Amino acid sequence: MVQLAEMLRPSTRALRAGGLALAVLLAVPLAACSDEGKLVLHTDSGDHSFNVEVVDTDETRAQGLMYRQELADDAGMLFDFKEERNVSFWMRNTFIPLDMIFVGADGVVKNIHVNARPQDPTSIPSDGPVQFVLEIPGGQSKVIGLKAGDTMEHPRVSAKVK
């Protein structure tokens, strides 16, 4: 019986080592994904961090922040269209005011629509090609002093900013 236990012990060690290697391999993609939940806006008043949800499919972009009842001051949603193009948003079925920040592929803020009205079906266009639209709580862009020409830092932005 002791002999059998001795034979099994190396297998147990190997299993533990294999499990550790598997855990490390699984953690690497998860760590990379978690970085996408952080975004920084660089303004004259400083760097402002946001926790964001990234949406990049037709289905998730169509849902956006509809039906949400609240959004923390440091939270938002980043829409990635994966290429620069003209886009347009509306606030139908959106219950909280939002600032819409239209951003080029290089991370430069092109224009900002401040305090989009809840439930308003009026189209809000990008006023030119953009790859990203960041939605944050209404009025927050004014609080942080964000303006066109400022920059957004996020792993999906193709060029380094400030």
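That block above? That's the structure.
For clarity, every value in this text was computed on a predicted model and none was experimentally measured.

### Focus: the overall build of the chain
When its secondary structure is counted, the chain shows three helices and nine strands. Scanning the chain from its N terminus toward the C terminus, one meets helices and strands in the order α-β-β-α-β-β-β-β-β-β-α-β. Going through the 162 residues of the chain one by one, you find that 38% of them count as buried. Pairs at least 24 apart in sequence give 71% of the contacts found in the chain among residues at least 6 apart. Of the accessible surface of the chain, which amounts to about 9,400 Å², a share of 58% is contributed by carbon and sulfur atoms.

### Quick look at the pattern of salt bridges
A complete count under the given rule lists eight salt bridges for this structure. Residue R156 pairs with D56 through a salt bridge whose shortest N-O separation is 2.8 Å. Of this pair, R156 sits in the segment after β9 (151-153) while D56 sits in the loop between β2 (46-55) and α2 (58-63), placing them 100 residues apart in sequence. A relative accessible area of 23% places R156 in the partly exposed class. For the salt bridge of D80 with R156, the shortest nitrogen-to-oxygen distance reads 2.9 Å. Of the two residues, D80 is situated in strand β3 (residues 75-85) and R156 in the segment after β9; the sequence distance between them amounts to 76 residues. Judged by relative accessible area, D80 falls into the buried class, the value being 3%.

### Things to note about the pairing of strand β8 (residues 130-137)
Within β8, eight of the eight residues are buried, leaving the element largely enclosed by the surrounding structure. One ladder, built from five bridges, connects β3 with β8; its direction is antiparallel. When the sheet's bridge partners are listed, R85 is paired in β8 with V130. Note: strand β5 (residues 98-103) against β8, six bridges, orientation antiparallel. Directly across from V103, in β8, lies its bridge partner F132.

### Quick word on the packing of aromatic side chains
Counted according to the given criterion, the structure contains four aromatic pairs. Ring plane angle 90° and centroid distance 4.9 Å describe the contact between F79 and F89, whose orientation is recorded as edge-to-face. With a gap of 10 residues between them, F79 in strand β3 and F89 in strand β4 (residues 88-89) connect regions that are remote in the sequence. Just as F79 is buried, F89 falls in that class too. Residues F89 and F102 carry aromatic rings whose centres are separated by 6.3 Å and whose planes lie at 75° to one another, so their mutual orientation is edge-to-face.

### A few points about the environment of D150
Within the secondary structure, D150 sits in the loop between α3 (140-143) and β9. Along the backbone, D150 and D44 are 106 residues apart, and their C-alpha atoms lie at a distance of 8.0 Å. Setting aside chain neighbours within four positions, we find D150 in contact with H42, T43, D44, G107, V108, V109 and G145. A polar atom in the side chain of D150 sits 2.9 Å from the backbone nitrogen of K147.

Calculation criteria
- Residues numbered from 1 in each chain as written.
- Predicted model: local features only at pLDDT ≥ 70, side-chain atom pairs only at ≥ 80, totals over all residues.
- Heavy atoms only, no water.
- Helix = DSSP H or I, 4+ residues; strand = E, 2+ residues; numbered from the N terminus.
- Buried < 20%, exposed > 50% of the residue type's maximum accessible area, 1.4 Å probe, protein only.
- Contact = heavy atoms within 4.5 Å.
- Areas by Shrake-Rupley, 256 points an atom, 1.4 Å probe, with all protein chains shown as cover.
- Salt bridge = Lys/Arg side-chain N within 4 Å of Asp/Glu carboxyl O.
- Pairing = 2+ DSSP bridges.
- Phe/Tyr/Trp six-rings, centres within 6.5 Å; stacked < 30°, edge-to-face > 60°.
- Polar contact = N/O pair within 3.5 Å; in protein donor to acceptor, adjacent residues only side chain to side chain.

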